[in-house]
Amino acid sequence: MTPAHSFSEPTNTEAIRVIGRFEAGRGTPDAMRTDVRMLGQLLGQVLREAGGDGLFEDVERLRLATIQAYDEETPDAFERAAAIAESFTIARADEVARAFTCYFHLVNLAEEHQRVRVLRERAGQPVPSTGSGTQGQTADTVATAYARLRSEVGDDEARRRLDGLRFHPVFTAHPTEARRRAVSSSIRRLSELLTQHDAASAGGSEEHRARRRMLEEIDTLWRTAPLRSQKPSPTDEVRTVMGVFDETLFTTVPHVYRRIDDALRGEDSGASAPVVPAFVRIGSWVGGDRDGNPFVTASVTREASQIAADHVLRGLERALDRIGRTLTLSADDTPPSAEVTALWERFASAEPELAAELATRSPDEPHRRVLLVLSRRVAATRHGDSTQGYARPEELLEDLRTVQSSLAAAGAKRHAFGGVQHLIWQVETYGFHLTELEVRQHSQVHAKALAELDAGEAISAQTEEVLEVFRAIADIQRDRGLRAAGRYVVSFTQAASDLANVHRLARYALGDDAPVLDVVPLFETFADLQAAPGILAEAVTFPEFRERMAATGNRLEVMLGYSDSSKDVGPVAANLALYEAQEKIARWAQESEIELTLFHGRGGALGRGGGPANSAILAQPPHSVDGRFKLTEQGEVIFARYGEPAIAMRHIDQVAAATLLASSPTEEQRTSRAAERYAEVASTMDAASRERFFSLVKAEGFAPWFATVTPMEEIGLLALGSRPARRGLSVESLEDLRAIPWVFAWTQARINLAGWFGLGTALDAVGDEELLIEAYREWPLLRTMIDNVAMSLAKTDERIARQYLALGDRDDLAQLVLDELAITRRWVIRLTGGERLLENKPVLQRAVQLRSPYVDALSLLQLRALRALRSAEEPTGSGADAEQQRLLLLSVSGVAAGLQNTG
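This one's a predicted model, so the numbers in the text were calculated from it and none came from an experiment. (Residues numbered from 1 in each chain as written. Predicted model: local features only at pLDDT ≥ 70, side-chain atom pairs only at ≥ 80, totals over all residues. Heavy atoms only, no water.)

Comments concerning the pattern of salt bridges
Then, in step 1: Considering all chains together, one arrives at 66 salt bridges under this definition.
Then, in step 2: A salt bridge links R61 to D58; the nearest nitrogen and oxygen atoms lie 3.1 Å apart. Of the two residues, R61 and D58 are both situated in helix α2 (residues 30-68); the distance of 3 residues between them amounts to about one turn of the helix.
Then, in step 3: On the basis of relative accessibility, which here comes to 40%, the residue R61 falls in the partly exposed class.
Then, in step 4: Its relative accessible area of 14% is what places D58 among the buried residues.
Then, in step 5: Here D140 makes a salt bridge to R650, at a shortest N to O gap of 2.6 Å. Of this pair, D140 sits in the loop between α4 (90-123) and α5 (142-153) while R650 sits in helix α26 (residues 645-661), and the two are 510 residues apart along the sequence.
Then, in step 6: The class for R650 is buried, based on a relative accessible area of 13%. (Salt bridge = Lys/Arg side-chain N within 4 Å of Asp/Glu carboxyl O. Helix = DSSP H or I, 4+ residues; strand = E, 2+ residues; numbered from the N terminus. Buried < 20%, exposed > 50% of the residue type's maximum accessible area, 1.4 Å probe, protein only.)

Here is the structure:
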């Protein structure tokens, strides 16, 4: 990953020796090494120019000391690094923290650039055969997964399953993106310049120009305030997410479909109807999730839908215009069908002047004229012109298929199933709404509103707002169709009546004109997960559920919350409980002939169900996926997975492949047999891990101790998102705290407790190392859990963690954490093999190891600020040392960039 001599070339013998030892054997790809060295040197030049040699030298002193701290020959280096961090003036510490944060942004950019480079190299290699002989291959593309499926279930059944494939990421505005949008924009411009630099001739003027512009952009990055001055509004969050669609997803998703069709059909792809359906649907909670966020109102929900619709209609308008202009096919060689001619004549009679203009610009080019007409009609739709615009996206699809059929009949099949097919895929995927906007609200809010309404007295402003949300959903459905809005997620569903309450409220709001609703239960706590099958069995007997399921082919969606269940009983017991709940729900759905979609409320961090999605999918119980996978994506994860086109394509392909493969007979048999074989192991791990977790979090005084030994309180001061970080004014118990700051705070303290605590004790309770190694090899759920914990542990640092734990006055709790850390690390290394963490994943191991010293530098600066704030007479946020507070927040942003996750 990161060459350790990035800010400058080492100039003294000691530095060269230490850096050489540190880098030995870490095998960074040469191209990436060159990128990081160049970007680091440009940053070093910016630091000299902006802050003089003194700033540069201070950064270098701390950097070298943190690197030496990993060298056995310099045992005092860690203390020396801490002393250097303490020695800076507060102004200098601020600058040094900013320098390391900028460095991580550049390293992350170089890593992303290397990933894109590798993906492009792979794309240039021959497409592997998709015949039946792929059983031993890693099925991490839809093409290879489909080939394996065909070999197991036959052509017809494999095709049926491909037709039903669905990948449905839902973007949320949970506050886990520590970077400002201005910083992200600067990094994106740098990415483009790095690509230009790659393409330029060595030593030529273009290379010099790209390097000069990169220096200018890095100077911009350095001078851009790294912290938001105020929290974004919900509308700001909507516009931020829209950037991902504008820059990548709108055009990338059809290319995913095309690449898969190419792999499946070879030369036939693009010359006849594709076999790949439009299997991606994008959901959004941004502007719809009001659970705990009073700033998300019905008017915000309306505006969010309008913004998304405007973006997709602009995109479709441009795409139609662009492809239309390329269809310069003469009527002599490519005669239009009677249907295409009729399309043109209808438009010409309604808009004679515009028709005359188009006819003049496109003489004897009927297909070109008609596509340009469709572009004008989409523009009219965007402007709200009900006369010339489309009422529904299905009308545009019908027109596009008319053009496609005409082109194919005239022999222009490459055009029919090339550019026009891309347009069809875009409309099928995005409609006129872009994202399927989902509403979420807490069950207790509904209960309170109904109590007021049933009493027949004056209602509160909150209850009026609850009713107005249903009116907003109805308006959105009327303007943009049922797909635009209609899913209503009920947080903390604890009884079937919590789901019936949504329909009751809708009737209070609009009577018989209530919107069409798909009410989705969200089961979050351990107890709720266990009760889920009974609640669902009762809910589907309600008339509203029966009517809606009859209209949708007996479909039902159920959401599972990873965050609160993990905070409730610990990560090990939560994972096992989630598996058990999914298994029972899937069995019930299959017996009831219900088409079930499980919606996974996973966060980006491991403590919130994060980790590689494709391995998690293959570890799910039989029939719990069945070709459909829906999950939440949030914060930094959205931009990491979908912000760059090549990476987005690869991610979608991998997840879709796992989704398709998870229901194959071999995968389902492997998973079910392993679950049965290791049921006793699971039971032992569950009980032991939960007891260990409770011994920590239920200890008297745990919550205030946690707030003392981590920057939990200060994290709430970061302007990350519009949603409050906690449910009350203070944190007296774990229930008061939201899952995101719970995970974020432990991550910042370099402990990552939320992702692993209790696993070591659980494995110790089983005790049989040979059995556990076998289980790790054969049981997908355990393997996924262990691999995720290995990554979490690799990002911990015991030396730094001890410094944070020392901020509290509970040696017993601190020792409990450190003991569990040691036990868990020991067991994970035993099961995964080797002498250190991640030896079975050398690329990831190298990435983490080479970041660690730089993260350490920021952690030491954060500790310095935290100690100062903890010793201040006044509490943080009420006149405490503002400079120390700023330093702490800067370091929080930097550590998040270095570890590449927040909550």
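Side note on the packing of aromatic side chains
Then, in step 1: Taken as a whole, this structure holds 25 aromatic pairs when the rule is applied.
Then, in step 2: Judged by centre distance (5.2 Å) and plane angle (5°), the rings of F470 and Y488 are stacked. One end of the pair, F470, is in helix α18 (residues 461-480); the other, Y488, is in strand β4 (residues 485-491), and 18 residues separate them in sequence.
Then, in step 3: With a relative accessible area of 0%, F470 lands in the buried category.
Then, in step 4: Given the relative accessible area of 1%, Y488 is considered buried.
Then, in step 5: The interplanar angle of 45° and the centroid separation of 5.7 Å between the aromatic rings of W756 and F757 together place this pair among those described as tilted. With respect to class, W756 is no different from F757; both count as buried.
Then, in step 6: One aromatic cluster is present, formed by F171, F245, F250, Y430 and Y642 through successive ring pairs.
Then, in step 7: The ring of W222 has R98 lying over it, and the distance from NZ or CZ to the ring centre is 4.0 Å.
Then, in step 8: Lying across the ring of Y70, R799 places its NZ or CZ 4.7 Å from the centre. (Phe/Tyr/Trp six-rings, centres within 6.5 Å; stacked < 30°, edge-to-face > 60°. Lys NZ or Arg CZ within 6 Å of the ring centre and 35° of its normal.)

So, the pairing of strand β6 (residues 555-561)
Then, in step 1: β6 sits mainly inside the fold: 6 of its 7 residues count as buried.
Then, in step 2: Where strand β5 (residues 518-523) lies against β6, 2 bridges are found, and the strand directions are parallel. Bridge assignment links L522 to a residue of β6, and that residue is M559.
Then, in step 3: Summarising the sheet, β6 and strand β7 (residues 595-601) pair through 7 bridges and their orientation is parallel. By the bridge assignment, V558 is partnered in β7 with L598. (Pairing = 2+ DSSP bridges.)

Remarks on the packing of helix α3 (residues 77-87) against helix α37 (residues 842-871)
Then, in step 1: One can describe the packing of α3 onto α37 by two numbers: an axis separation of 9 Å at closest approach and a directional angle of 55°. Relative to α37, the element α3 is oriented oblique. Helix-helix and strand crossings are classified by hand; for α3 and α37 the assignment is right-handed. Contacts between α3 and α37 involve F78, A81, A82, A85, E86 and S87 from the first element and L860, L861, R864 and R867 from the second.
Then, in step 2: For the contact of α3 with α37, the residue count by class is 6 nonpolar, 1 polar and 3 charged. (Axes fitted to C-alpha atoms, helices over the stretch in contact; angles between N-to-C directions. Parallel < 35°, antiparallel > 145°, perpendicular 65-115°, else oblique. Left-handed = near helix turned anticlockwise from the far one by under 90°. Contact = heavy atoms within 4.5 Å. Nonpolar A, V, L, I, M, F, W, Y, C, P; charged D, E, K, R; others polar.)

Focus on the environment of E398
Then, in step 1: As for its placement among the helices and strands, E398 is situated in helix α14 (residues 393-409).
Then, in step 2: Separated by 172 residues in sequence, E398 and P226 have C-alpha atoms that sit 48 Å apart.

Examining the layout of surface pockets
One water molecule sets the probe size; rolling that probe over the atoms shows where empty space is left.
Then, in step 1: Computed from the structure, the second largest pocket encloses a volume of approximately 1,200 Å³.
Then, in step 2: If you trace the second largest pocket, you find 47 residues lining it, with R166, R487, R555, E595 and T597 closest to the centre.
Then, in step 3: Per-element tally for the lining of the second largest pocket: the top contributor is helix α21 (residues 543-551), with 5 residues.
Then, in step 4: Each residue belonging to the lining of the second largest pocket can be placed in one class, and the counts come to 16 nonpolar, 10 polar and 21 charged. (1 Å grid on protein atoms, 1.4 Å probe; cavity = no way out; pocket = protein on both sides within 12 Å on 5 of 7 lines; lining within 4 Å. Points joined across faces, edges and corners; volume = space filled by probe spheres on them.)

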